[in-house]
Amino acid sequence: MSTKEIETNAIKMVAAGKGILAADESDGTIKKRFDSINVPSTEENRRSYREMLFTTKGVEDFISGVILFDETLRQSAQDGTPFPTLLAGLGILPGIKVDKGAKPLAGAPGETVTEGLDGLRDRLKEYYGLGARFTKWRGVINIGEGLPTSYAIEANAHALARFAALSQEASLVPIVEPEVLMDGGHSIETCHEASEATFKCVFDELSKQRVLLEGMILKPNMVLSGKDCPSRAGVEEVAEQTLRCLRSAVPEGVPGIAFLSGGQTDEEATAHLNALNATGPHPWELSFSYGRALQAPALKAWVGEASNVPLAQKVLYHRAKCNGSARSGSYSTAMEKEGVAV
Ligand code: 5MM
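Before going into details, it helps to say that this report is about the structure given with it.

Calculation notes
Residues numbered from 1 in each chain as written. Predicted model: local features only at pLDDT ≥ 70, side-chain atom pairs only at ≥ 80, totals over all residues. Heavy atoms only, no water. Near = heavy atom within 4 Å. Polar contact = N/O pair within 3.5 Å; in protein donor to acceptor, adjacent residues only side chain to side chain. Areas by Shrake-Rupley, 256 points an atom, 1.4 Å probe, with all protein chains shown as cover. Helix = DSSP H or I, 4+ residues; strand = E, 2+ residues; numbered from the N terminus. Nonpolar A, V, L, I, M, F, W, Y, C, P; charged D, E, K, R; others polar. Phe/Tyr/Trp six-rings, centres within 6.5 Å; stacked < 30°, edge-to-face > 60°. Lys NZ or Arg CZ within 6 Å of the ring centre and 35° of its normal. Expected span 1.5 Å × (residues − 1). Contact = heavy atoms within 4.5 Å. Axes fitted to C-alpha atoms, helices over the stretch in contact; angles between N-to-C directions. Parallel < 35°, antiparallel > 145°, perpendicular 65-115°, else oblique. Left-handed = near helix turned anticlockwise from the far one by under 90°. Buried < 20%, exposed > 50% of the residue type's maximum accessible area, 1.4 Å probe, protein only.

**Observations concerning the site of the ligand**
Working step 1: The immediate surroundings of the ligand are formed by 18 residues, with Ser26, Thr29, Lys97, Lys136 and Ser261 found nearest.
Working step 2: Take Gly262: an N or O atom from its main chain is 2.7 Å from an oxygen atom of the ligand.
Working step 3: When the free accessible area of the ligand is taken as 500 Å², the share hidden by the protein chains comes to 90%.
Working step 4: For the shell around the ligand, the secondary-structure elements that each account for two or more residues are β6 (134-141), β7 (173-180) and β10 (285-290).
Working step 5: The class makeup of the residues in the shell around the ligand is three nonpolar, six polar and nine charged.

**Thoughts on the packing of aromatic side chains**
Working step 1: On inspection of all chains with the given rule, the structure shows seven aromatic pairs.
Working step 2: Their ring planes at 70 degrees and their centres at 5.4 Å tell us that Phe62 and Tyr317 sit as a pair that is edge-to-face. Of the two residues, Phe62 sits in the loop between α3 (43-54) and β2 (63-68) while Tyr317 sits in helix α12 (residues 309-326), which places them 255 residues apart along the sequence.
Working step 3: An aromatic cluster of at least three residues, connected via ring pairs, comprises Phe34, Tyr49 and Trp302.
Working step 4: If you follow Arg133 out to its NZ or CZ, it ends over the ring of Tyr128, 3.7 Å from the centre.

**Some details on helix α7 (residues 150-169)**
Working step 1: When the terminal C-alpha atoms of α7 are compared, their 28 Å separation across 20 residues agrees well with the 28 Å that a helix rising 1.5 Å per residue should span.
Working step 2: In this fold, the buried residues of α7 make contact with α1 (3-13), β5 (112-114), α6 (120-129), β6, β7 and α8 (188-208).
Working step 3: Immediately beyond the C-terminal end of α7, within one or two residues, lies Ser171, with a positive phi of roughly 65 degrees.

**Describing the packing of α7 against α8**
Working step 1: At a minimum axis separation of 8 Å, α7 and α8 run at an interaxial angle of 40 degrees. Relative to α8, the element α7 lies oblique. As α7 packs across α8, the resulting crossing turns out to be right-handed. Of α8, the residues touching α7 (which contributes Ile153, Glu154, Ala157, His158, Leu160, Ala161 and Ala164) are Ala197, Thr198, Cys201, Val202, Glu205 and Leu206.
Working step 2: When its residues are assigned to classes, the contact of α7 with α8 shows nine nonpolar, two polar and two charged.

**Some points on the side chain of Thr72**
Working step 1: Along the chain, the position of Thr72 falls in helix α4 (residues 70-73).
Working step 2: With relative accessibility at 0%, the residue Thr72 sits in the buried group.
Working step 3: Setting aside anything within four residues of it in sequence, one finds Thr72 in contact with Arg50, Phe54 and Phe83.

Structure below.
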């Protein structure tokens, strides 16, 4: 393991004014996204969609890293340039999702544990050789009647820490992603309680498994009301509760926290990040690692048509720029007027 390399790359991943594009949809997830625009999920369509994202002119001003899926890490642009080389040439760090998805947790109805540890050491070696410089693993926590259980939180935290330790051993920066889902009618307080318990347990496991805090990035959910909560908390309250939760659970040695969007609308996710940064400075960089909140409008503009690539790229550039401003609390909804309506 090169401590210097992972510490340096972790800092680059949360560079000022920039964040991470999560483009690591597994086959099932990308199919769902393509179904929504009536585009068949063929290997070539997935390749050209991702080429459209990565070749957006100027996107490197706001994007420090891209999380890829195994297939994408091995694909190339139309001119033959492998995607990891193309990204690295723009100063963007290529990363790779290494988990194999959330599967039902035995003895825990309604809860999951993420699989993918078997053979991971060998896969990591290969991914480094293919150009990846960071990794990602997502553990999913459900809120519900009597959920989450401490059993599910502990099982997921243990797997996240095993993944993180192995990644660092291979000189790859782990993005540790514990996601407390937004699904349900719960209050923001319930989300706070579940998130705090989860994040504390994750850091406890990371410490037991000797993970170097300075060489990792945390990718958590924001503390939000459930999607179906009748009185959802506003932007200021989300920022306040999220910060309170992070302060009580995340050690200061962690260089950065890059939030997932988790089903928030694109503008909501930007407004929340902006409010979080407007009250800084904080002990860690507060950044983004958005999938849907960066890609959704671009996907809608693209709809699988080569002739729509320039429009889709404009739309992606705009979202990336808005989130880049939210990194310093300098975003305002007025910026949305510069965008292209889709
Ligand atoms: C892009 O979606 C990622 C992959 O999900 P699957 O393994 O289910 O296909 C996902 O892990 C993503 O990186 C995070 O959830 C953040 O994406 P959102 O859309 O929540 O910002």
